[in-house]
Amino acid sequence: MNMFRKIKLCSITLLAVLGVASCSDYLDVVPPEQPGLPDASKNYNTSLGFLYSCYGGIVNPIGYLTVQGASDEWVLPPLWNGRPQIMTYDLNTSANIADGWLWGTYYRFVGQCHLFLQELPNMRGVSDEDKKIWEAEVKFLLGYYHMQTLILYGPCPITDKYIDPETPEKEYVGRYHFDYVTDWIVNKFDEAAAVLPPSYTGEKWGRATATIAKAMKARLLLYAASPLWNGGFPSPQWKNLNFETPGYGKDLVSLTYDKAKWERARKACQEALDFALSQGGSSLYTDEDHYAQEGIALPFVPGVDANTPEGKAFLKKVMLMRYLVTTRSTEGNREIIWGIADQGNIVQGSLPHRILKKTDGNYVNGWSGVSPVLNTSIEYFYTKNGKRPVHDDSFTSSDGWFSSANIANRPGIINLNVNREPRFYAWFGFDGGDYGSKIANGSPLKIDLRDAQKNGYNPELFNRDNNVTGYFSQKFVLPSLNYNLSGSDGGSNQTKPRSLIRLAELYLNLAECEAELDNVVSAIENLNVVRNRAGVPDLTTADLSVQNIKEWVKNERFIELWNEGHRYYDVRRWMIAPQTMGSGMRKGLNAYGIKNPTFEQFNTVKPVNQEFRWNNRMYLLPVFHIEVYKNPQMVQAPGY
């Protein structure tokens, strides 16, 4: 049994025994009754299970129903009315929270961690060396859960010790200043990194390591240096009323820009990257032949000839980027520094309708839901020359983007979808192109989004599930996924790890710090490491004539980390959400609303017809109103 499956099982069992699952917030981090606690530490195996349970609050950031889906990367069918939609419609309120109440999840597991630390000295059959390592792991988790709360909800309470259930409400703590919480978390990560091993393999993969602790510290300090938390917070009047942070008074956010925050972040990002590459044993995933080992053919890409050396090299990069996010460390992937294993099948929402007609006359159907946004996804990805289409003079001019590219036997392919970079073809599907490698009984699916009897809009057959923008996501879809004529996938739709941190992010984090500190050459060097692996030409100082270095950093980060849960935080910390998240901002092709459209009808750009809104209160998630009511020291997030 792999480590994270053990975590899930042990977490459910132990939480049930201890009663932690009923706790809803940081005030109840330790349950009043602990009848099962001695049993949880009676021998090595039960104690290890107790440790694993402390990991149970780690939430998969990737998926179409997660909080992180409330960004500008893709949209869902309007009738789904899922969590990301409720949030992007500005319907998430303190009385009707739509975020899954992650606040409660994180503080419950903070409580679990404190229970573990309290019981650690009494654990039988556990060596002193193991106790030392386990203590460091749990310190890391305390920092991690507080960090997740901080970046989602803003300044938050710090729970650094056992809280007696009989504590009078006048002694409850409120929100601490953002910078104070940041420093506290950094200290936890530093303490953990000083003890933990650099990496784990096998059964221990997924447990905290020094590399993970340093990487999370670097990410936190990057966020803390960003405009939202470094002088730009849009609600300067937001303060505590009845609670003070040592050294900060009732202030919750620093309202003055501080360059030193970027310098501190740069140092942490460099340290994390250097450590990952050396002691952590990490490396970018570069296996360009894994497809051949699995018996997969090179993919169809319009305008690319697989029979030429240049064409074959390009197509191998496409497959490389598909396998980057679908292979384990045991398969040679040393890029994922921290991940969650066996998180189930999250690709069903991305797959098209009518993948395959079975022998019984019925179809294998996906939900055709995750639809990349045209103007803030498709147009962000580079051309084969490493520039956005609008900036590439050798690319088709914008007035011809939506005309047929005249590809033989594929007249539906438009110019915008030709001569793009490998990541574009690795992670997107489009009308006239292919989806998957073996998905339809050993062959790719040729997408036909203008035919209602194939993959196109058809509300009679698929009332809730219809593609919205004319594009599909192929990210996280295994190249080996194969549905046969009986409708079975034959086990090919296996679960794969979901990345929480991968090495490419560390290069991008460092590049961002260098750009903010005007170290242009260093920023470009770090960007080019990521671009080279993806098969994209080097960025040079000459390219700064079309975008400044900060914009290049943001664009590269958007592409490389697309749909991996980062964009939700990035649009907020950069404070660009009003420009990308508001009403009418998301656009797509005319794929939703007309059955069997003509080529011209389908390839018409229009705003996505959903009630998207941006309100500055959406920079933070609201705290459940009862939580605020019962704690006199707690203040609500601004605007709720």
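Per-chain numbering applies: the sequence of each chain, read as written, is numbered from 1 onward. Per-residue local features are limited, in this predicted model, to residues with pLDDT of at least 70; the limit for side-chain atom pairs, both in listing and counting, is 80 or more; totals at the level of whole chains, interfaces and linings are taken over all residues. Remark: hydrogens and water are excluded; side-chain values derive from all non-hydrogen atoms of the structure.

**Description of the overall build of the chain**
Consideration 1: Secondary structure elements follow DSSP: runs of H or I of four or more residues count as helices, runs of E of two or more count as strands, with numbering from the N terminus. A count of helices and strands for the chain gives 19 helices and 12 strands.
Consideration 2: Scaling as 2.2 N^0.38, a compact globule of 640 residues should have a C-alpha radius of gyration of about 26 Å, and the chain matches this with 25 Å.
Consideration 3: Across its three principal directions, the C-alpha atoms of the chain cover 75 × 50 × 50 Å.
Consideration 4: Burial classes: relative accessible area under 20% of the type maximum marks a residue as buried, over 50% as exposed, and values in between as partly exposed (1.4 Å probe, protein chains only). The buried share of the chain, reckoned over its 640 residues, is 61%.
Consideration 5: When contacts within the chain are restricted to residue pairs at least 6 apart in sequence, long-range pairs at least 24 apart make up 73% of them.
Consideration 6: Looking at the chain as shown, the accessible area adds up to about 23200 Å², and 48% of this sits on carbon and sulfur atoms.
Consideration 7: Counting rule for charge: Lys and Arg are taken as positive, Asp and Glu as negative, and neither His nor the chain ends is counted. All charge positions are set by atom: Lys at NZ, Arg at CZ, Asp at CG, Glu at CD. Charged side chains of the chain number 65 positive and 68 negative; the gap between the two group centres comes to 3 Å. Here the globule rule reads 2.2 Å times residues to the power 0.38, and the radius of gyration is calculated from C-alpha atoms. Contacts are assigned to residue pairs with any non-hydrogen atoms lying within 4.5 Å of each other. Where accessible areas are quoted, they stem from the Shrake-Rupley method and a 1.4 Å probe; at the residue level, only the protein chains shown are allowed to cover.

**Some details on helix H15 (residues 549–560)**
Consideration 1: For H15, which comprises 12 residues, the first-to-last C-alpha distance of 16 Å matches the rise-based estimate of 16 Å (1.5 Å per residue) to within 8%.
Consideration 2: In terms of burial, H15 is a largely internal element, 10 of the 12 residues being buried.
Consideration 3: Residues Ile549, Trp552, Val553, Lys554, Asn555, Glu556, Arg557, Phe558, Ile559 and Glu560 constitute the buried set of H15.
Consideration 4: Polar contact is the term for a pair of N or O atoms within 3.5 Å; when the atoms are in protein, one must be able to donate a hydrogen and the other to accept it, and sequence-neighboring residues count only if both atoms are side-chain atoms. Two to three positions downstream of the cap, the backbone nitrogen of Lys550 sits 3.0 Å from a side-chain oxygen, assigning the N-cap of H15 to Asn548. An expected span of 1.5 Å times one less than the residue number is assigned to each helix.

**Structural notes on unusual backbone geometry**
Consideration 1: If you check the backbone angles, Arg354 has positive phi at about 45° while not being a glycine.
Consideration 2: By secondary structure assignment, the location of Arg354 is in the loop between strand E2 (336–340) and strand E3 (356–357).
Consideration 3: Residues other than glycine seldom take positive phi values, yet Met575 does so here, at roughly 60°.
Consideration 4: As for its placement among the helices and strands, Met575 is situated in the loop between helix H16 (567–573) and helix H17 (577–580).

**Some thoughts on the pairing of strand E8 (residues 443–446)**
Each regular strand shows side chains that alternate between the opposite faces of the sheet.
Consideration 1: In this sheet, E8 lies alongside strand E7 (residues 434–440) in antiparallel orientation, the contact comprising 3 bridges. Residue pairing across strands places Ala440 opposite Ser443, the latter belonging to E8.
Consideration 2: When DSSP finds two or more bridges between a pair of strands, those strands are recorded as paired. The hairpin formed by E7 and E8 contains 2 residues between the paired strands, and Asn441 there has a positive phi angle of roughly 55°.

None of this, on its own, says anything about what the molecule does.
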